[in-house]
Amino acid sequence: MQREVNRKLAVALLAGVIFILAGGIIGLGLAPIAPLLVAIAWIILVMRLAGVTFQDAQAALIKGIEAGIAPLFLFLLIGSMIALWLGTGVIPTMIWLGFKLINPAWFLPTALLTSALVGTMIGSAFTTMSTVGVALMGVGTTLGFNPALVAGMIISGAIFGDKSSPLADSTNLAAAVSGTDLFAHLKNLMWTTLPAMAVTLILAFVFGFSAHHTGGVSVKTAAVTQLIQPTWWTIVPIALILISALAKIPAIPSLLLNVVVNTVYYLLSGHSLKTWANLVVNGYKTPSTNATLVALLDRGGMTAMMETIMLIMLALALGGLLSNLGILRAVMNPIVSYLKSQKSIVFATLLTGIATNFLVGEQYLSVMLPGQIFKEDYKRFGLSPLALSRAMEDSGAIANYLVPWGVAGAFASQTLHVPVLSFVPFTFLALFSPVFSLLSALTGIGLRQASQDEVAK
């Protein structure tokens, strides 16, 4: 459905979208849903004046939403799983263990490394955040840490797992679009991922040791651990997640299997079908009157995900209009002719991936678009496709966590109960990865040149 759009019109449309989103969300402090709706209306009306029929605009919009059907359904499953993990005692047990085992001074590095390890094993940042991330969030906030700082560490670890795992969708997509071997891509990613992780870990230690913890926090955590009854069942759903990852079962059937197994245990524990249905739809409500426990455990359910799903549907619809009506390409294609060096092509790739995330809010499109635009130019400048795939991953796959209306950012915010704009300054891995990618281009360190075979293709 790609169209030829006048470049001046495309620039005006993008400028209008940026003004609407930035003015509404940052300037007026509005939730992203309303500005996104206005931006969609702006594009449809202006494009209609430019000769695009409402039918074509509607088709472009729907095509954008269709690309996100899988993650939208995934979010419903995750909402159900969080509620069941709370109802069967899995997340409370993880929180109990956290209070028993973790020294507050070491908590932030532990949260970062735990999220990174789990993310690498299962290849899903979303699943990492919605399982161990929820538990770590509860422990960290009860210990007195800034919730935004804790969320930033959890998300950074989850992103590292996504960038290090051959099971992750983003790494597979970047390798496929650039035409590189997956494991060669993962190895090349470490030139930027490991330095970014090292800086993040150092900052985790700095923030962790500089935080002040009072005796009141110790009293609070002791009171919470006395109220939580740990259960052996915790081992089963966690092991099931890991086994599903090792068996390379896709995310949706893997989570659905986990929901079914936990449902069986929940019902066999004496709960009725009506109670179960209310749990997976409306989330878990603790019977405790302890304020700390209520804040930690009252969450989950499909209903809790609905605001995020609405936000993502609108972002996908906006992305569908910008992409399928040819607006993004009309702006980007002329820029390519001005690129004169390896440094400039890498910088343009990084900038395009980040900008696309902020314009369309969709991670996969933000990976694919730079790859499609710049693939031939990497050959022209003698760079390996591995240089392209790394730049795509260091920008397009990561920046989505920093966008309030982005699929990943909205999900992280909903799951960890922290606004995106609050955790952005602490999501160090996402902030430093493109920096190290740019440094690699400027210095030539780790920047893969094309081999003779790659030049010949």
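Reference entry: report on the structure contained in this document. The model shown is predicted, which means the values in this text are computed figures rather than measured ones.

To continue, consider the overall build of the chain. A count of helical and extended segments in the chain gives 24 helices and zero strands. The principal-axis extents of the C-alpha atoms in the chain amount to approximately 65 × 50 × 40 Å. Going through the 457 residues of the chain one by one, you find that 55% of them count as buried. Within the chain, contacts between residues at least 6 apart in sequence are counted, and of these 79% link residues at least 24 apart. Accessible surface, the chain: about 18800 Å² in total, of which carbon and sulfur atoms supply 69%. Across the chain, the 22 positively charged side chains and the 15 negatively charged ones have centroids separated by 4 Å.

Another point: the packing of aromatic side chains. Tallied over the entire structure, the rule returns 14 aromatic pairs. Ring centres 6.0 Å apart and planes at 20° place the aromatic pair phenylalanine 207 and phenylalanine 428 in the stacked group. With phenylalanine 207 in helix H10 (residues 182-210) and phenylalanine 428 in helix H23 (residues 428-443), this pair connects stretches of sequence that are 221 residues apart. With 4.0 Å between their ring centres and 5° between their planes, tryptophan 233 and tyrosine 265 make a pair best called stacked. Residue tryptophan 233 is found in the loop between helix H11 (215-227) and helix H12 (235-246), and its partner tyrosine 265 is found in helix H13 (residues 251-268); the two are separated by 32 residues along the sequence. The exposure class assigned to tryptophan 233 is buried, which follows from its relative accessible area of 8%. Connected via pairs of aromatic rings, a cluster forms that spans Phe75, Phe126 and Phe411.

The next thing to look at is the nonpolar core. By size, the foremost hydrophobic cluster in this structure holds 142 residues, and its most contacted members are Ile43, Phe107, Phe126 and Met129. No other element matches helix H4 (residues 69-87), which puts eleven residues into this core. When residues no more than four places from it in sequence are discounted, the contact partners of phenylalanine 126 are Leu74, Phe75, Ile78, Tyr401, Val407, Ala408 and Phe411.

Turning our eyes to something else, we now look at the environment of valine 280. Within the fold, valine 280 resides in helix H14 (residues 273-282). Sequence separation between valine 280 and leucine 77 is 203 residues, and the spatial gap between their C-alpha atoms is 9.0 Å. Valine 280 has contacts with Ser80, Ala83, Leu84, Gly301 and Met302, leaving out every residue within four places of it along the chain.

This next bit is on a nonpolar patch on the surface. Taken together, the side chains of Leu256, Val260, Val264 and Leu268 present a nonpolar region at the surface, about 380 Å² in accessible area. Here leucine 268 lies in helix H13.

Attention now moves to the pattern of salt bridges. On inspection of all chains with the given rule, the structure shows two salt bridges. Aspartate 394 serves as the salt-bridge partner of lysine 163, at 2.6 Å between the closest nitrogen and oxygen. Taken together, the positions of lysine 163 in helix H8 (residues 147-164) and aspartate 394 in helix H20 (residues 385-395) put the pair 231 residues apart, joining distant regions of the chain. Each member of the pair, lysine 163 together with aspartate 394, is buried. Aspartate 377 is the salt-bridge partner of arginine 380, the closest N and O atoms lying 2.6 Å from each other. Here aspartate 377 and arginine 380 lie together in helix H19 (residues 363-380), a separation of three residues that amounts to about one turn. Judged by its relative accessible area of 9%, aspartate 377 falls in the buried class.

The rules behind the values
- Residues numbered from 1 in each chain as written.
- Predicted model: local features only at pLDDT ≥ 70, side-chain atom pairs only at ≥ 80, totals over all residues.
- Heavy atoms only, no water.
- Helix = DSSP H or I, 4+ residues; strand = E, 2+ residues; numbered from the N terminus.
- Buried < 20%, exposed > 50% of the residue type's maximum accessible area, 1.4 Å probe, protein only.
- Contact = heavy atoms within 4.5 Å.
- Areas by Shrake-Rupley, 256 points an atom, 1.4 Å probe, with all protein chains shown as cover.
- Lys, Arg positive; Asp, Glu negative; His and termini not counted.
- Charge placed at Lys NZ, Arg CZ, Asp CG, Glu CD.
- Phe/Tyr/Trp six-rings, centres within 6.5 Å; stacked < 30°, edge-to-face > 60°.
- Core = buried A, V, L, I, M, F, W, Y, C linked by side-chain atoms within 4.5 Å.
- Patch = residues over 30% accessible without salt bridge, like charges linked within 9 Å, V, L, I, M, F, W, Y side chains within 5 Å.
- Salt bridge = Lys/Arg side-chain N within 4 Å of Asp/Glu carboxyl O.

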